[in-house]
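Per-entry structural report
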Amino acid sequence: MTLDRRTLLRGAGAAAAGAAVLPTAGRSARAQAAAANTIRIAVLTDMSGTYRDVTGPIEVACVRQAAAEFAGRGFDIDVIFADNQNKPDVGSNITRQWFDRDGVDAVVDGGASSVALAVNEIVREKNKAFLNSSSATSDLTGKACSPNTVHWTYDTWMLAKSNGGATVRAGGDTWYFITADYAFGHALERDTANFVRAQGGRVLGSVRTPFPGTTDFSSFLLQAQASGAKVIGLANAGSDTLNCIKQAAEFGLTRRGIRLASLLMFMPDVHALGLATTQGLICSETFYWDLNDRTRAFTNRVRPRVGDVPLCMNHAGGYASVLHYLKAVADMGVAAAKADGRAVVERMKAMPTDDDGFGPGRIREDGRKLHPAYLFEVKRPEESRGPFDYYKLLQTTPGEEAFRPLNEGGCSLVRA
């Protein structure tokens, strides 16, 4: 079955309407008992904008898959969601309402890094749990780290090391960045520039593009071309990345010897552009559906919920983070978990992680989830054997090496 956006939005409205916590005097003992035995998980994501295809409805379905797999363990699980519109004020207001009115115990996803950083503070204030499965900024496990937050999936430091390092080693030693003008883009440019310089490369300049809302990147691409840089680093994601790549192709930049480095590219992006356009591009993901028997098994299980669409690491991150959260809830008990989100995150850190999306791993004291990172090259059309057979594995970085060293992030949770 294919997810229908209108159906999902109607379901979200119904869930929100039914989520209100009634005054205690007006609730039956049975309703109160049911609420006390229900873990409510809320997915804060992009349902309609730049990142819809790489998070959005598909990630909601993957979170519901995790809840379904965990059913029958002695407590109920309720999954709701809302569209953050990639705006910190919208995401913050939704999150406060979830906690203050709707009895939410954990927020998943987060979306745009600016939204996630705002939500991160609210979750700490309300002592709930934040399972960040798609936001990229490495500050979530650095200066903004919180004892209530787990950062799953990937971050800008990992992307910079994997993509930036590989590109410089291949001869791309002069860079110009086209950067989305918000927390994610700034962090990705910063982390990649540090890796480029550390390996002897030079950054010749950068330009920041308004986010959200930019669709015409022609003037920015021409500025990058005029810089004389060998590499144009795209410190953006979603439809911004798609538009940059399409418009660069229209200008013939790659035919002039300029290399595009898409610092964050997902499987749905490759699918949308097609192999003829994306062939030869490199990208880093921490999940690929055809990587091994376990990733194929997860994909087969979730396929009836999501339909015939490409899956990426954000989708798997929503599934895996919620599955591990639920294991921690079961281990400590529902009442204790609902009372103390920080304690649930501590239990998540104490338990080894293992799921079909990412395999075995662990969560560090700064909240960083560790698992391998994979550098892929997009296949040529003639190399693809069937639907979504898009990637060739170039390099695997072990989890303990893929992410920023614990003592370098400046997280206050890390003991000296």
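Refer to the preceding data block for the structure.
So, here is what we can say about the structure in this document. Keep in mind it's a predicted model, so treat the numbers as computed, not measured.

A few points about the sheet that holds strand β8 (residues 231-235)
Strand order in the open sheet made by the four strands is β7-β6-β8-β9, with parallel pairing throughout. Single-partner strands in this sheet number two, and they are β7 (202-209) and β9 (259-262). Sheet twist, expressed as the mean angle between neighbouring strand axes with direction ignored, is 20°. Looking at chain direction, β8 and β9 are connected through four bridges and run parallel. From the neighbouring strand, Ile232 faces β9, where its bridge partner is Leu260. Across the sheet, helix α7 (residues 183-198) is in contact with β6 (174-180), β7 and β8; its angle to β6 comes to roughly 170°.

Re the pairing of β7
Two elements, β6 and β7, share seven bridges in a ladder whose sense is parallel. Within the sheet, the bridge partner assigned to Thr174 lies in β7 and is Arg202. Assessed by its sense of winding, the connection that carries the chain from β6 through α7 to β7 is right-handed.

With respect to the nonpolar core
Ranked by internal contacts, the top residues of the largest apolar core, which has 124 residues, are Trp98, Ile178, Leu264, Tyr325 and Tyr391. Residue contacts for Tyr391: discarding those within four places in its chain leaves Met265, Phe266, Met267, Val270, Cys283, Glu285, Tyr288, Phe376, Glu377, Val378 and Lys379.

Here's the deal with unusual backbone geometry
For the bond from Phe211 to Pro212, the omega torsion is -10°, close enough to zero to count as cis. The topology assignment puts Pro212 in the loop between β7 and α8 (218-226). At Thr153, a residue that is not glycine, the phi angle is positive and equals roughly 75°. Position of Thr153 relative to the elements: it lies in the loop between β5 (149-151) and α6 (156-169). Looking at Thr153, the relative accessible area reads 0%, which means it is buried. Even without being glycine, Phe388 reaches a positive phi, approximately 65°. Relative to the assigned elements, Phe388 resides in the loop between β14 (373-378) and β15 (391-397). By relative accessible area, which is 7% here, Phe388 ends up buried.

Cut-offs applied
Residues numbered from 1 in each chain as written. Predicted model: local features only at pLDDT ≥ 70, side-chain atom pairs only at ≥ 80, totals over all residues. Heavy atoms only, no water. Pairing = 2+ DSSP bridges. Helix = DSSP H or I, 4+ residues; strand = E, 2+ residues; numbered from the N terminus. Axes fitted to C-alpha atoms, helices over the stretch in contact; angles between N-to-C directions. Contact = heavy atoms within 4.5 Å. Right-handed = clockwise from strand over helix to strand, strands pointing away. Core = buried A, V, L, I, M, F, W, Y, C linked by side-chain atoms within 4.5 Å. Buried < 20%, exposed > 50% of the residue type's maximum accessible area, 1.4 Å probe, protein only.

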